[in-house]
Amino acid sequence: MAGFPIEKILVEGNADQYGLSRRIQKKMPDIPRVTSSATRDGSAPYSLDRGKKTLHLLEYSGELLKPCPGTTNHICCGYQILNVATNCPLDCSYCILQSYFNEPDLRVFINIKERIEEVLHLIDSHPDKIFRIGTGEFTDSLALDPLVGWADMLVPLFAKRKNAILELKTKTTNIDRLLKLPERDQIIISWSLNSPTVTATEEHKAASISKRLEAARICQSEGFIIGFHFDPLIPHPGWQEDYPRTLDLLDRFIDPARIIWISMGSFRFMPQLKAIIRQRHPQSTVLDGEFVRGMDGKMRYFKPIRMELYRFMREHLETWYNNLGLYLCMESDEIWRKTFGWTPQNTDGLSRFLDSRVKRFFG
Amino acid sequence: MNADFSPYVNRLPATEVPVENVTLAPGPFTMSYGFNLDFLKASVEGAGLLNPPILLESGAGDLLIVSGYRRISALVELGRTHFPARVLEANKIHHLDALLINFFDNLATREFNPVEKGMILGRLAEYLSVEQILDFYMSLLGLPPRKSTLENYISFDRVLDEILKRSLLDGTISEATARALLGRSKEERQAMSGLFTKVTFNMNQQKQLLELLTDTSRISGVSIAEMIQSEPFADILDSASMNRPQKARAILLLLRTMRFPRLTRADEVFKKRVAKLHLPQEVQIKASPYFESEFYRMEISFRNGRQLKDLINQLVNIDGLQEMQDPWEGAE
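Residue positions are counted from 1 within each chain, in the order its sequence is given. Starting at A for chains and at 1 for ligands, labels are handed out in the order in which the entities are written. In keeping with the predicted nature of the model, local features appear solely for residues at pLDDT of at least 70, side-chain atom pairs appear and are counted solely at 80 or more, and the whole-chain, interface and lining totals rest on all residues. Only hydrogens and water are set aside when side-chain values are computed; all heavy atoms of the structure are taken into account.

**Side note on the packing of helix α10 (residues 186–198) of chain B against helix α14 (residues 244–259) of chain B**
Relative orientation and spacing of two packed helices are given, respectively, by the angle between their axes and the distance between those axes.
Residue and element names in this part refer to chain B.
Part 1 of the argument: The angle between two axes is taken between their N-to-C directions and runs from 0 to 180 degrees, where each axis is a line fitted to C-alpha atoms and a helix contributes only its stretch in contact. The helix count covers DSSP runs of H or I at least four residues long, the strand count covers runs of E at least two residues long, and both are numbered beginning at the N terminus. At their nearest, the axes of α10 and α14 sit 9 Å apart, and the two run at 135° to each other. With respect to α14, the axis of α10 lies oblique. For the pair formed by α10 and α14, the contact residues are Leu 195, Phe 196, Thr 197 and Lys 198 on the first element and Arg 244, Lys 247 and Ile 251 on the second.
Part 2 of the argument: Residue type decides the class: Asp, Glu, Lys and Arg count as charged, Ala, Val, Leu, Ile, Met, Phe, Trp, Tyr, Cys and Pro as nonpolar, and the leftover types, Gly among them, as polar. Residues that form the contact of α10 with α14 fall into these classes: three nonpolar, one polar and three charged. What sets the label is the angle itself: under 35 degrees gives roughly parallel, over 145 gives roughly antiparallel, 65 to 115 gives roughly perpendicular, and the rest give oblique. Residues are treated as being in contact if the distance between any of their heavy atoms lies within 4.5 Å.

So this is what it looks like as structure tokens:
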């Protein structure tokens, strides 16, 4: 695969019984295939590096739909994760997945088609509830799409359901398969954005900001509703000049009236991630900030720094367009009030706000 | 493990050996580090040499110490010129077996310190595979059978300088700190070993110190050695008015100020503002850790309701109390 070199396919258990597993392997005839599950050698950094080159095909028997792992004392968006895969072939230095999963491989669950009915049944049996569902929390939604074909599989199913949206979140430009599909309803394609400096120095193997925005422009012009996520915001030397460069590009490429939402979150991480970043990304500067232990045990920028970031971004974004569906990811009621001038108060409140955006854009 | 050498060794009679024929420097079989000879010398003087050392003929004509390095060191310090020893013939025993003789001789009678464990593992690694060492010898040394642990212990012996080895043995630095230092450059280790000889950091402080030094050095682009030699550090290290634990706290405070300038400033401003209120001594105002919560806490100590009422009345009349706000807001 261009950009993401897979060096090994690991087929676990009964994976070959599934058509998806066989189709994926057919696309990679020259890649060595093994059936053992013993891929770990106990050395985390090495395993992570190797894991990013190992495509692990397996059945998934756990909960297919999981609530976003929100965090105590912070307001969560109430998003639900459709667990189609874990880990990601991109290699962002700040990625929390480096310390989140025990298994470092690119795990692709090959029985999603067989199990998606469970999720659809849940959606259909709660017609008054809006399900905001995404695949971009535990993996990049589109990085492996040319290989796996999640878009082909999922988009037609969600497009039929008025009380659900499917958000495909990515840092890539893998939109070709999406564009070939006729469905547009209930589908949101969203991109993670950052400053050009953070993108160039910390988001290894991801597309540049202008390429992401060009892909977003094409999706928008082809009728898709799009979203953006400035997460993680990372203050760095010159950030006040650098983030507006991304905003300038947004202005150049994107129609703001057809953005469903833009989220913001500052870099936060569990303390154990620090050693992994130091080892795997010794040149990274993402750990240089003034991090303190937050009320949820995660390391976060000292509060006035976070507030400065959010205020700055909100002011600039709202100057561009004043109805962008801006929201904060995992922040406290206080930060909302003091940087946005209003607060959803709690997770339910933020869910209602985002649900209202869904209704506004999709009826 | 091969114990074929046991009958041969056990049958050997002790013979009187001149000290001058023995290579007294620690040889390939010794595994003693950081020991004190006083008790051993007293024992030899009081009861003589009860257990003769074991030596090995070397090809060069002199004798290598297989077992009894400490005993021979004690004899030398006592000025003895000859001592009884069992001498192994070079062609009758493999070097690994000689090493194992000393290992098991010591294992039965004493605990090994971390540097000695490193010496043993490093020497075993010259003859045995990593798997053999992990499977059998790590547990004998009380260590988990992990490759990273094996590598760390070998490095304690081979990488740490004498000052850091001594610091590890006398508890000045923890094993965790020693492990962390293995990943540093020689210059950084030297700079930090100098710091550890002048200042007493407890285990938790050592962890903080390493993290703060590393982060601050990376962010500022100034090497750890340069930082430690810089004026503010030198002032603390050379201070005659501070004891060693006080110096440790001062160094950590200095590093925190460098690493967290905005947080430190906020702390200072908050304390200054609270001090300006001239609260009754029974009243304290505290911020949440790192100011993460938006709420501040006031604590009032009182003996009875009458005193509480008095204190509340005093608080109501304190000028400026209503101006209390986050330390990063308003004029300092």
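**Some thoughts on the sheet that holds strand β11 (residues 187–193) of chain A**
All names here are of chain A.
Part 1 of the argument: Taken together, eight strands build an open sheet; the order of strands is β4-β5-β9-β10-β11-β13-β14-β18 and the sheet is mixed. The outermost strands of the open sheet, each flanked by one partner alone, are β4 (65–67) and β18 (326–328). Recorded for the sheet is a direction-independent mean angle of 30° between the axes of neighbouring strands.
Part 2 of the argument: DSSP bridges decide pairing: two strands pair if at least two such bridges lie between them. Here three bridges tie strand β14 (residues 259–266) to β18, and the two strands are oriented parallel to one another. What sits directly across from Ser 263, in β18, is Tyr 327.

**Focus on the pattern of salt bridges**
Part 1 of the argument: The term salt bridge refers to a side-chain nitrogen of Lys or Arg lying within 4 Å of a carboxyl oxygen of Asp or Glu. In the structure shown here, the tally under the stated rule is 37 salt bridges over all chains.
Part 2 of the argument: One salt bridge in this structure joins A:Arg280 and A:Asp91, with 3.1 Å as the shortest N-O distance. A residue pair is termed long-range when its members are at least 10 positions apart, and A:Arg280 in helix α11 (residues 273–280) and A:Asp91 in strand β7 (residues 91–92) qualify at 189 residues.
Part 3 of the argument: B:Arg110 is paired through a salt bridge with B:Glu116; the nearest N and O atoms lie 2.8 Å apart.
Part 4 of the argument: Residue exposure (1.4 Å probe, protein chains only): buried if accessible area is under 20% of the type maximum, exposed if over 50%, otherwise partly exposed. When its relative accessible area of 1% is taken as the criterion, B:Glu116 is described as buried.
Part 5 of the argument: Connected via shared salt-bridge partners are A:Lys274, A:Arg278, B:Glu211, B:Asp215 and B:Arg259.

**A closer look at the interface of chain B and chain A**
Part 1 of the argument: Taken together, the contacts link 19 residues of chain B with 27 residues of chain A.
Part 2 of the argument: The term buried area denotes the loss of accessible surface (1.4 Å probe radius) that occurs when two parts are joined, taken as the sum for both partners. Roughly 1900 Å² of surface becomes buried between chain B and chain A when both sides are summed, with 46% attributable to carbon and sulfur atoms.
Part 3 of the argument: In this assembly, chain B and chain A are joined by seven salt bridges.
Part 4 of the argument: With a shortest N-O distance of 2.8 Å, A:Glu308 and B:Arg262 are connected by a salt bridge.
Part 5 of the argument: Definition of a polar contact: a pair of N or O atoms within 3.5 Å, with one able to donate and the other able to accept a hydrogen when the atoms are protein atoms, and with sequence-neighbouring residues admitted only if both atoms are side-chain atoms. Between the two partners, chain B and chain A, sit 17 residue pairs in polar contact (both at pLDDT 80 or more).
Part 6 of the argument: Taken together, the elements giving at least two residues each to the side of chain B that touches chain A come down to α11 (203–220) and α15 (261–276) of chain B.
Part 7 of the argument: If you tally residues by element for the side of chain B that touches chain A, the top one is α11(B), at five residues.
Part 8 of the argument: Its residues assigned to classes, the side of chain B that touches chain A comprises eight nonpolar, two polar and nine charged.

**Section: the sheet that holds strand β2 (residues 54–57) of chain B**
Residues and elements named next belong to chain B.
Part 1 of the argument: As summarised here, the arrangement of the four strands in space is β1-β4-β2-β3, forming an open sheet in which the pairing is mixed. Two strands bound the open sheet, and with one partner strand each, they are β1 (15–18) and β3 (63–67). Here the strands of the sheet are splayed against their neighbours by 55° on average, with no regard to which way each runs.
Part 2 of the argument: Pairing geometry for β2 and β3, over four bridges, is antiparallel. For Glu 57, the partnering residue across the bridge sits in β3 and is Leu 63.
Part 3 of the argument: In this fold helix α3 (residues 69–77) packs onto β2, β3 and β4 (82–88), with an angle of close to 125° to the strand it touches most, β3.
Part 4 of the argument: Here helix α4 (residues 95–107) sits on the sheet and contacts β2, β3 and β4; the angle it forms with β3, its principal contact strand, is near 45°.

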